[in-house]
Every structure is written in C-alpha cells, then in structure tokens.
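Descriptive structure summary
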Amino acid sequence: MKNLIYLFGPYLKDDLNLNLANKYYKETSHINSYDNKYLSGKSIFDNFFDESFINNQVKKLNKEAKILEVGSYTGRISKKLEKHNLFFDQSDIHKKQIYKGPNSLNYYVVELHKDLPDEISKNKYDFIISLGHQVSFTNNIEIAINNLSKLLKKNGILMFDVWQTSSPNKLPEYAIETTTRSKIKDVLKQNKLNIKKVFNGQTLFYFLNDYFKGIVSKYSKYNFFKKLYFLSDRYLFSKIPMLNVKSQSIIFIVTKTDYK
C-alpha cells in the first residue's frame, strides 16, 4: 500500500491521501524529532541553505511590508525572519499555534489543498514565504499555488519550495506530490505569477556514497566544516544545472503581475 501511495499519490485526490501529511504533522510526538534533525547531518545544511535564501530575499523588503509565513510549525523559518526584525502573520494546519515568537502577529489555520478560511481569505500580502515542502505535502500542488496566489498582492513576492521528482532522496512516510520545474512553471503561468528566480537546494550530498555522507554528518557539528561545505555546494555545485537533477528542493521566487 505504501509503495502505491508513493507511485500514485500525485494522482489520488481523495481525502485519505490528502490527509496523510497533515495527520503526521498534527501528532505532537513528531515535534522534537523535527527540530532535532536540523542539528546535524544533511538537514543542518538544508537549514543553512534556507537561511541564505531568506537573507537574500527579505533584505529587499520594506519594514512595513505585510508578510505571511505558511507552515510555521515549530518556528524554524519564523526565527530566521525575526533576525531581520520583521513582523509577520503565520499559518499552519494546527488549531493551536505551536510557535509564537516576539514578532508573530496573527495566526490562521490553513490547509492549502482546501478552500481558504474566511478569516484569512480577505487578506493580501506583500511577501509570502513557504519553505519546507508544504506545497508538495498537500498532494495537490495546483490548488496550493492557486491559494497562495489569492493571498498575494499585485506586485507581491511569493517564495516557496517543492520536492523534485528526480531526487533520489528517500520519500517520507506519507504521500507527497513530487514535481518538476516545467510543471511548476505551467502552474505559475496559469495563476499569472511571473518567475523572478528559480534555483535548487543543496546538491553535493546526493552525489556522495554512504561513506562520504557519513563524514559529512560526523563533521557537521564543526563550524569551519559547515561553512566550507555549505559555500562549496551553494556557490559551486548547485550552480551546475546538470547536477541539480538530484537536488531534493526546487525553490521558486515569483511575483504577481499581469502577463502582457
């Protein structure tokens, strides 16, 4: 059954499959394991990448910009926004907010594959950020992007990531819709969203054998190694298109403007 979900999850739109990721993340027992995975190994470098992406984007924002974070969960991305003294709304699938920081404003319960709740649907944002594959977790990427587009102001910026189909990285224990650059570009065009930038997350790790992956994980606790590995991947390996086919994440930065 699990293999069938992996193979056909993107095409099965029934409630059972749509709720698998939701069910997993609603269980509080997973909270600690989620946070702990970003303390070492591959995930710590994913965290480095995300911080770099965010820093490059939010430094361009006006301090008065209206911001929404989608999928706030335990605050991994929220804390990165706080470093820039930005105030923002948060949303997630949980009825009770898990992370509320000093810069958290409103919190909304949002499931991206469903109709937007009335309390948030009236809002329009200058910047929406969703990093952590929430769009892929919905198992309905088209509806998820359409909902994000509805919340975006004209000339607003949306930043999100998806799980790449060609990545060899192990799939999670729930259905997830993987995708490609070309498919996302089609969905964005349908929603009148123009691409400002598209790039990949870390690349090098997926070309290493188990021995070298073990070395990366072992030495990830050392700051010098972390910085060297991160800089090598971010500014060399991830810049080579032919290598990016193995990256887990594709990151899109898009703006809502009318097509000519």
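Below: a short report on this structure. (Residues numbered from 1 in each chain as written. Predicted model: local features only at pLDDT ≥ 70, side-chain atom pairs only at ≥ 80, totals over all residues. Heavy atoms only, no water.)

1. A closer look at the overall build of the chain
On a plain count of helices and strands, the chain comes out with twelve helices and seven strands. Radius of gyration (C-alpha) of the chain: 18 Å, near the 18 Å computed for a compact globule of 260 residues. Dimensions of the chain, computed from the C-alpha atoms along their principal axes, are close to 50 × 45 × 45 Å. Counting every position in the chain, which comprises 260 residues, the buried fraction comes to 54%. Accessible area for the chain stands at about 13,300 Å²; split by element, carbon and sulfur atoms hold 55% of it. (Helix = DSSP H or I, 4+ residues; strand = E, 2+ residues; numbered from the N terminus. Rg over C-alpha atoms; globule rule 2.2 N^0.38 Å. Buried < 20%, exposed > 50% of the residue type's maximum accessible area, 1.4 Å probe, protein only. Areas by Shrake-Rupley, 256 points an atom, 1.4 Å probe, with all protein chains shown as cover.)

2. Side note on the packing of helix H9 (residues 141-150) against helix H10 (residues 181-190)
The packing of two helices is summarised by the inter-axis angle and the distance between the axes. It is at 10 Å that the axes of H9 and H10 come closest, and there the two elements cross at 40 degrees. Put simply, H9 runs oblique to H10. Note that H9 runs across H10; the crossing there is right-handed. For the pair H9 and H10, contact is made by Ile141, Glu142 and Ile145 and by Ile184, Val187 and Leu188, respectively. Grouping the amino acids of the contact of H9 with H10 by side-chain chemistry returns five nonpolar, no polar and one charged. (Axes fitted to C-alpha atoms, helices over the stretch in contact; angles between N-to-C directions. Parallel < 35°, antiparallel > 145°, perpendicular 65-115°, else oblique. Left-handed = near helix turned anticlockwise from the far one by under 90°. Contact = heavy atoms within 4.5 Å. Nonpolar A, V, L, I, M, F, W, Y, C, P; charged D, E, K, R; others polar.)

3. Description of the pattern of salt bridges
Applying the stated rule across the entire model yields five salt bridges. Close ionic contact of Lys83 with Glu51 constitutes a salt bridge, the shortest N to O distance being 2.8 Å. Of this pair, Lys83 sits in the loop between helix H6 (76-82) and strand E2 (88-92) while Glu51 sits in helix H5 (residues 42-58), placing them 32 residues apart in sequence. In this structure, Lys153 and Asp126 form a salt bridge, with 3.3 Å as the shortest nitrogen-oxygen distance. Of this pair, Lys153 sits in strand E5 (residues 152-163) while Asp126 sits in strand E4 (residues 125-130), and the two are 27 residues apart along the sequence. (Salt bridge = Lys/Arg side-chain N within 4 Å of Asp/Glu carboxyl O.)

4. Some thoughts on the sheet that holds E4
With mixed pairing, seven strands are arranged side by side in an open sheet as E3-E2-E1-E4-E5-E7-E6. The sheet terminates laterally at strand E3 (104-109) and strand E6 (193-200), the two strands that pair on one side only. Ignoring which end each strand starts from, the neighbouring axes of this sheet average 15 degrees apart. Sheet analysis places E5 next to strand E7 (residues 249-256), joined by seven bridges and oriented antiparallel. The partner of Asp161 across the bridge, within E7, is Ile251. Against the sheet, H5 contacts E4, E5, E6 and E7, and its axis sits at roughly 170 degrees relative to E5. In this fold H9 packs onto strand E1 (67-70), E4, E5, E6 and E7, with an angle of close to 150 degrees to the strand it touches most, E5. (Pairing = 2+ DSSP bridges.)

5. Concerning the nonpolar core
In this structure, Ile128, Ile145 and Phe160 are the most contacted members of the largest nonpolar core, which totals 26 residues. Those elements giving two or more residues to this core turn out to be E1, E4, H9, E5, H10 and E7. Among all residues touching Ile128, those that are not within four sequence positions of it are Leu68, Val70, Leu148, Leu151, Leu152, Ile157, Leu158 and Met159. If you look at the next biggest cluster of nonpolar residues, it comprises 20 residues, including Phe49, Ile77, Phe127 and Ile253. (Core = buried A, V, L, I, M, F, W, Y, C linked by side-chain atoms within 4.5 Å.)

6. As for the side chain of Asn200
Along the chain, the position of Asn200 falls in strand E6. By relative accessible area, Asn200 is classed as buried at 2%. In this structure the side chain of Asn200 is engaged in a polar contact, spanning 2.4 Å, whose partner is the side chain of Arg181. There is a polar contact of 3.4 Å between the side chain of Asn200 and the backbone oxygen of Ser249. For Asn200, the contacting residues outside a window of four places in its chain are Phe49, Phe53, Gln164, Arg181, Ser238, Asn244, Ser247, Ser249, Ile250 and Ile251. (Polar contact = N/O pair within 3.5 Å; in protein donor to acceptor, adjacent residues only side chain to side chain.)

The values are spatial; any link to function lies outside them.
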